[in-house]
Amino acid sequence: MGVTAAVLAIDAGNSKTDVALVGPDGSVLGSAREKVGFQPPKVGVAAAVEALAGPVAAALEAARIAGRPVDEVAEVSACLANADLPVEEAELTAALHARGWGRTTVVRNDTFALLRAGVDEPRGVAVVCGAGINCVGMLPDGRTARFPAIGKISGDWGGGMGLAEESLWAGARAEDGRGEPSALARTLPGHFGLGSMAELIEALHRRTLPYARVHELTPVLFATSAGGDPVAAALVHRLAEEVVAMASVTLDRLGLLADEVPVVLGGSVLAARHPELDARITALLAARAPKAVPRWLTAPPVLGAALLGLDRVGAPPEARARVREHYGM
């Protein structure tokens, strides 16, 4: 006879999906991770949700193999990339609930998973900078603050791909004389074994180098900045400004600007812990929100999705402590 899981936690990003089945006591009954991205803008809602079925089935199978087969799930807590607007969250909630994975279903943007994983209670702000950039905040009474985070049309700047493209722009202008001299004109093409920006531009334009590989240039930007290049450093400093602008505005919206409150930082760019970026963010945050405490998240965000679900089903503090312990927090 199977057991009832309190939460089916799903954290689905642009390139991977983590799933965890969590018992009422906070024990992880089964889990799975697959390189399945959640991209409804590209493939449609139905196909995106269908892609989650694989990792969900794998987590259920892991629980069965461990001798803890799950017959029923109380709450599906799904934190999904590209759930950027309330209307999208509602649409995705309906689509996931139709799968019958749990008695109730709640969909949130995946930045909420990052936030909840990094705070002891649902109170604080999180900024994620991975492929893109986003920021959310929440209070224990359920109030939230967020940005659309759709890209330039919603006022965004930054993210790994955005930084890479800004680096290419600066490197091209440094080489052809329209911009300031910069080592980026050498380091960017050099990463691909090319001799000039002109060669790199042609390779990307003609797709002899897949454009998707542009994201590899973000670490090159940080290395070039660390080497003393002022043009690269200006881009790193601008990213720090964007991170702190998003965090401080969100704190202000929630009435937390003067409070001691965590600001959780995560995503591949921020989690890489580039010293120059970290120092700049810390200094700017101290100036604009002196009591805010920056925290760099190391745990997988699926922990946050699990905690959000446990919050909703009224699980005791010991359950939340147990699932944190499972993920090394």
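Our subject is the structure that appears above.
Now for a description of the structure that goes with this document. From a predicted model like this one, the values you see are computed outputs, not experimental measurements.

What follows concerns the pairing of strand β7 (residues 133-138). β7 sits mainly inside the fold: six of its six residues count as buried. Residues I133, C135 and G137 line one face of β7 and the alternating positions N134, V136 and M138 line the opposite face, and both faces are buried. Sheet topology note: the strand β6 (residues 124-129)/β7 ladder contains six bridges and is antiparallel. What sits directly across from V127, in β7, is C135. The hairpin formed by β6 and β7 contains three residues between the paired strands. Looking at chain direction, β7 and strand β8 (residues 144-146) are connected through three bridges and run antiparallel. Bridge pairing links G137 to A145 in β8. The turn linking β7 back onto β8 is made up of five residues, and G142 within it adopts a positive phi angle of 100 degrees.

Take the packing of aromatic side chains next. Two numbers describe a pair of aromatic rings. These are the distance of the centres and the angle of the planes. In total, this model carries zero aromatic pairs according to the counting rule given. A cation over a ring is seen here: R253 above F147, with NZ or CZ 4.6 Å from the ring centre. We note R273 situated over the ring of W296; from NZ or CZ to the ring centre the distance is 4.1 Å.

Once that is clear, we can look at the sheet that holds strand β4 (residues 70-80). Ordered by their spatial adjacency, five strands build an open sheet running β3-β2-β1-β4-β5, and the pairing between neighbours is mixed. Each edge of the open sheet carries a strand with a single partner, namely β3 (28-34) and β5 (104-109). Strand-to-strand twist across the sheet, computed as the mean angle between neighbouring axes with direction ignored, equals 15 degrees. Along the sheet, helix α12 (residues 302-312) contacts β1 (3-12), β2 (17-22), β4 and β5; its crossing angle with β1, the most-contacted strand, is approximately 135 degrees.

Cut-offs applied
Residues numbered from 1 in each chain as written. Predicted model: local features only at pLDDT ≥ 70, side-chain atom pairs only at ≥ 80, totals over all residues. Heavy atoms only, no water. Buried < 20%, exposed > 50% of the residue type's maximum accessible area, 1.4 Å probe, protein only. Helix = DSSP H or I, 4+ residues; strand = E, 2+ residues; numbered from the N terminus. Pairing = 2+ DSSP bridges. Phe/Tyr/Trp six-rings, centres within 6.5 Å; stacked < 30°, edge-to-face > 60°. Lys NZ or Arg CZ within 6 Å of the ring centre and 35° of its normal. Axes fitted to C-alpha atoms, helices over the stretch in contact; angles between N-to-C directions. Contact = heavy atoms within 4.5 Å.

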